[in-house]
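Letter by letter, the chains look like this.
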Amino acid sequence: QKEVEQNSGPLSVPEGAIASLNCTYSDRVSQSFFWYRQYSGKSPELIMSIYSNGDKEDGRFTAQLNKASQYVSLLIRDSQPSDSATYLCAVNRGVDYKLSFGAGTTVTVRA
Amino acid sequence: SAVISQKPSRDICQRGTSLTIQCQVDSQVTMMFWYRQQPGQSLTLIATANQGSEATYESGFVIDKFPISRPNLTFSTLTVSNLSPEDSSIYLCSVEGTSGSTDTQYFGPGTRLTVL
């Protein structure tokens, strides 16, 4: 089992819709979780972090964490064409800032 | 978050040669990391570079192939040696950072390497 698994893409959503991205992780000691956005040809950009169970909202983005189920998700509300990118789920490995990354989910927002 | 730069941004190299990638950050950081991102793939950690000590390599990566220097708290280099076409990737450096009260990493712009 991979350390971090994301729902396979690509995910295509119409403009204005909600994009839902899912991520599961295998290491129960993981305490903090991140979503990075990577535009084609660019480096990953941190957009959300979460470490407490429940929801965390930042603008149009909502991260959800359920440690009991080892599950973290990202919702993008009112999706815009500028949200078209690959979204990487990352999990803190508990040692020296190290992160484990999922394979990424590519989102395309159709105008 | 810190401002991170990498040089070169891209390069085309012949097999058997080496490429050294530089990573510069605008503030002092303890932890710097080097990643490889192969085409269409996610990020794979190559090694952690700490100032004043040897780099720590992840499974599958060795110092002879990926020597790393960390001469001070704002700079690191990664050399990819004896290049083969399989080394064609994006190489990214990242540094420790904080998001809220959580430790995380911030990435440089990357170096796109093509090996012919």
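Residues numbered from 1 in each chain as written. Chains lettered and ligands numbered in written order. Predicted model: local features only at pLDDT ≥ 70, side-chain atom pairs only at ≥ 80, totals over all residues. Heavy atoms only, no water.

Chemist: Looking at this model, I keep getting lost on the overall build of chain B. Mind explaining?
Modeler: Scanning chain B from terminus to terminus reveals zero helices and eleven strands. Put simply, chain B runs from its N terminus to its C terminus through helices and strands in the order β-β-β-β-β-β-β-β-β-β-β. Taken over C-alpha atoms, the radius of gyration comes to 14 Å for chain B, in line with the 13 Å a tight globule of 116 residues would show. Principal axes of the C-alpha set define a box for chain B whose edges measure 45 × 30 × 25 Å. In chain B, once contacts between residues fewer than 6 apart in sequence are set aside, the share between residues at least 24 apart is 52%. With an accessible surface of roughly 5,400 Å², chain B has 47% of that area assigned to carbon and sulfur atoms. (Helix = DSSP H or I, 4+ residues; strand = E, 2+ residues; numbered from the N terminus. Rg over C-alpha atoms; globule rule 2.2 N^0.38 Å. Contact = heavy atoms within 4.5 Å. Areas by Shrake-Rupley, 256 points an atom, 1.4 Å probe, with all protein chains shown as cover.)

Chemist: What should I look at first to understand the pattern of salt bridges in this one?
Modeler: If the charged atoms of two oppositely charged side chains come close together, the side chains can form a pair. With the rule as written, the count across this model stands at five salt bridges over all chains. The salt bridge partner of A:Arg37 is A:Glu45, with a shortest N-O separation of 3.0 Å. The exposure class of A:Arg37 is buried, given its relative accessible area of 13%. Classification of A:Glu45 as partly exposed rests on a relative accessible area of 36%. A salt bridge links B:Asp87 to B:Lys65, with the shortest nitrogen-to-oxygen separation between them at 2.7 Å. Taken together, the residues span a long stretch of sequence, with B:Asp87 in the loop between strand 8 (75-80) and strand 9 (89-99) and B:Lys65 in the loop between strand 6 (56-57) and strand 7 (68-72) at a distance of 22 residues. (Salt bridge = Lys/Arg side-chain N within 4 Å of Asp/Glu carboxyl O. Buried < 20%, exposed > 50% of the residue type's maximum accessible area, 1.4 Å probe, protein only.)

Chemist: What am I meant to see in the sheet that holds strand 6 (residues 54-58) of chain A here?
Modeler: Note on sheets: strands pair through backbone hydrogen bonds, and any given pair is parallel or antiparallel. Residue and element names in this part refer to chain A. A sheet is described by the order of its strands in space; here five strands give the open sequence 1-3-8-7-6, paired in antiparallel fashion. On the outer flanks of this sheet lie strand 1 (4-6) and strand 6, each paired with one strand and no other. Strand after strand, the sheet turns through a mean of 20° between neighbouring axes, direction not considered. In this sheet, strand 7 (residues 61-66) lies alongside strand 6 in antiparallel orientation, the contact comprising five bridges. (Pairing = 2+ DSSP bridges. Axes fitted to C-alpha atoms, helices over the stretch in contact; angles between N-to-C directions.)

Chemist: Mind showing me how you'd approach the side chain of A:Ser49 here?
Modeler: Residue placement: A:Ser49 occurs in strand 5 (residues 45-50). You can call A:Ser49 buried: its relative accessible area is 2%. Setting aside anything within four residues of it in sequence, one finds A:Ser49 in contact with A:Phe33, A:Phe34, A:Lys56 and B:Ser99.

Chemist: What is the right way to read the interface of chain B and chain A from this model?
Modeler: As a measure of interface size, the accessible area lost when the parts come together is often cited. Between chain B and chain A, the contact holds 23 residues from the first and 20 residues from the second. Approximately 1,800 Å² of surface area, both sides summed, lies buried where chain B meets chain A, with 54% of it carried by carbon and sulfur atoms. The salt bridge partner of A:Lys98 is B:Glu58, with a shortest N-O separation of 3.0 Å. Counting across the interface, chain B meets chain A through seven residue pairs in polar contact (both at pLDDT 80 or more). When residues of the side of chain B that touches chain A are traced back to their parent elements, those giving at least two are strand 4 (31-37), strand 5 (44-50), strand 9 and strand 10 (102-107) of chain B. By residue number, the principal contributor to the side of chain B that touches chain A is strand 10 of chain B, which donates six residues. (Buried area = accessible area lost by both parts, 1.4 Å probe. Polar contact = N/O pair within 3.5 Å; in protein donor to acceptor, adjacent residues only side chain to side chain.)

Chemist: It is not clear to me how the sheet that holds strand 1 (residues 4-7) of chain B should be interpreted in this structure. Could you clarify?
Modeler: All names here are of chain B. Ordered by their spatial adjacency, four strands build an open sheet running 1-3-8-7, and the pairing between neighbours is antiparallel. In the strand order of this sheet, the two ends are held by strand 1 and strand 7, each with one partner. Averaged over all neighbouring strand pairs, the angle between strand axes comes to 15°, with direction disregarded. As defined by bridge partners, strand 3 (residues 19-25) adjoins strand 8 across six bridges and the pair is classed as antiparallel. Looking at strand 8, one finds that Cys23 is bridged to Ser76.

Chemist: I would appreciate a short explanation of the state of the cysteines in the present structure.
Modeler: By definition, a disulfide links two cysteine residues through a covalent bond between their sulfur atoms. Residues and elements named next belong to chain A. Scanning all chains against the criterion turns up two disulfides over all chains. A sulfur-sulfur distance of 2.0 Å marks the disulfide that ties Cys23 to Cys89. Residues Cys23 and Cys89 share a disulfide whose torsion about the S-S bond is about -75°; that sign makes it left-handed. Of the two residues, Cys23 is situated in strand 3 (residues 19-25) and Cys89 in strand 9 (residues 85-92); the sequence distance between them amounts to 66 residues. Residue class for Cys23 comes out buried when judged on its relative accessible area of 0%. (Disulfide = S-S within 2.5 Å.)

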